[in-house]
Amino acid sequence: HPQTREAILARLSAWIKNSEPELDEYSPAHWLYGPAGVGKSAIAQTLAEKFSRSGHLAASFFFSRSSPARNNPRFFFLTIAFCLATLPQNKQLRADIDKVVRTNPAVLQGSIEAQLRYLVAEPLCRLSQLEGAWDALPKLVIIDGLDECEGSDSQRRVLTAILKEVEPPSHIPLRFLIASRPEPAIREIFSQSQA
């Protein structure tokens, strides 16, 4: 409902904007977790709508256990790449992603790690090397329901791939807000990344 979870929304909005010291403002990933029914999806949806309207949302993906297109990790990075390619702020990013698909169409059927590397990470790294090219682009990616991705191995692979590409010394200028239940596989990966 409107006007609920305002403190959480305010803190997460501040983290997204790099102005919340209690949440590591320089961390490229933040995990919003809790049991089923506490409002994680509502928070993710509210933030996605807010930052989409303001032009600060790069991409979003809402996993759903009941949908084969939304519980399969093979569609996840393809969707993120599509969202990035269709951002109106920079045609160069789209051209780079299109070039990857034209020269290596097998990447569309490749591993999720290859999809992230070739369709997202490398085009963004090339773009970030052009002076000022990245400044106008949104940097926020919202992922809801990672625990609804099919199987704990898939959840682990998706999260490990993301953290590997965004944590230092990587140069991918994206920030990931990841909402899920505190499943053991997800908790384990986040615990390792903070060690």
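Since we're looking at a predicted model, the values are computed, not measured.

On to the overall build of the protein chain. Check the secondary structure of the protein chain and you find 7 helices and 4 strands. Accessible surface computed for the protein chain: about 10,100 Å², of which carbon and sulfur atoms make up 53%.

Another aspect to go through is the pairing of strand S4 (residues 175-180). Counting buried positions over the 6 residues of S4 gives 6, a clear majority of the element. Burial along S4 is two-sided: Arg175, Leu177 and Ala179 facing one way and Phe176, Ile178 and Ser180 facing the other are all buried. Inspection of the sheet shows strand S1 (residues 29-33) paired to S4 by 5 bridges, in the parallel sense. Paired with Leu32 across the strands is Ala179, a residue of S4. Here strand S3 (residues 140-144) runs beside S4; their pairing, made up of 5 bridges, is parallel. Within S4, the position partnered with Ile143 by the bridge is Ile178.

It is worth spelling out the sheet that holds S1 at this point. The strand order across the open sheet formed by 4 strands is S1-S4-S3-S2, and the pairing between neighbours is parallel. Each of the sheet's edge strands pairs with one partner strand only, and the pair in question is S1 and strand S2 (57-62). Pairwise comparison of adjacent strand axes, ignoring direction, gives a mean angle of 10 degrees for this sheet. Note: S2 against S3, 5 bridges, orientation parallel. Bridge assignment links Ala59 to a residue of S3, and that residue is Val141.

A few words on the nonpolar core. Within the largest apolar cluster, 44 residues are counted, with the highest numbers of intra-cluster contacts made by Phe76, Leu84, Val120, Leu174 and Phe176. With residues near it in sequence (within four places) discarded, Phe176 still touches Trp15, Pro28, Ala29, His30, Val141, Ile143, Ile162 and Val166. Membership of the second largest hydrophobic core comes to 16 residues, among which are Leu47, Phe51, Leu140 and Ile142.

The next point concerns the packing of helix H3 (residues 76-85) against helix H4 (residues 91-103). Running from N to C, H3 and H4 point in directions that differ by 140 degrees, and their axes come no closer than 8 Å. The pairing of H3 with H4 is recorded here as oblique in orientation. Contacts between H3 and H4 involve Ala81, Leu84 and Ala85 from the first element and Leu93, Arg94 and Ile97 from the second. Split into classes, the residues belonging to the contact of H3 with H4 amount to 5 nonpolar, no polar and 1 charged.

What follows concerns the packing of aromatic side chains. Applying the stated criterion across every chain yields a total of 6 aromatic pairs. Considering the side-chain rings of Phe61 and Phe63, the 4.7 Å spacing of their centres and the 65 degrees angle between planes classify their relative orientation as edge-to-face. For the residue pair Phe61 and Phe63, the accessibility class agrees, reading buried in each case. Ring-pair connections join several aromatic residues into one group, and the members of that group are Phe61, Phe63, Phe76 and Phe77. Cation over ring: Arg117 sits above Tyr118, and NZ or CZ is 5.4 Å from the ring centre. A cation over a ring is seen here: Arg187 above Tyr33, with NZ or CZ 5.3 Å from the ring centre.

On to the pattern of salt bridges. For the structure on display, the rule yields 7 salt bridges. For the salt bridge of Asp96 with Arg126, the shortest nitrogen-to-oxygen distance reads 3.6 Å. Residue Asp96 is located in helix H4, and its partner Arg126 is located in helix H5 (residues 112-128); the two are separated by 30 residues in the primary sequence. With a relative accessible area of 35%, Arg126 lands in the partly exposed category. Close ionic contact of Arg181 with Glu148 constitutes a salt bridge, the shortest N to O distance being 3.7 Å. Pair noted here: Arg181 is in the loop between S4 and helix H7 (184-194) and Glu148 is in the loop between S3 and helix H6 (152-166), with a separation of 33 residues, a long-range link. When its relative accessible area of 24% is taken as the criterion, Arg181 is described as partly exposed. Judged by relative accessible area, which is 23%, Glu148 ranks as partly exposed.

How each quantity is defined
- Residues numbered from 1 in each chain as written.
- Predicted model: local features only at pLDDT ≥ 70, side-chain atom pairs only at ≥ 80, totals over all residues.
- Heavy atoms only, no water.
- Helix = DSSP H or I, 4+ residues; strand = E, 2+ residues; numbered from the N terminus.
- Areas by Shrake-Rupley, 256 points an atom, 1.4 Å probe, with all protein chains shown as cover.
- Buried < 20%, exposed > 50% of the residue type's maximum accessible area, 1.4 Å probe, protein only.
- Pairing = 2+ DSSP bridges.
- Axes fitted to C-alpha atoms, helices over the stretch in contact; angles between N-to-C directions.
- Core = buried A, V, L, I, M, F, W, Y, C linked by side-chain atoms within 4.5 Å.
- Contact = heavy atoms within 4.5 Å.
- Parallel < 35°, antiparallel > 145°, perpendicular 65-115°, else oblique.
- Nonpolar A, V, L, I, M, F, W, Y, C, P; charged D, E, K, R; others polar.
- Phe/Tyr/Trp six-rings, centres within 6.5 Å; stacked < 30°, edge-to-face > 60°.
- Lys NZ or Arg CZ within 6 Å of the ring centre and 35° of its normal.
- Salt bridge = Lys/Arg side-chain N within 4 Å of Asp/Glu carboxyl O.

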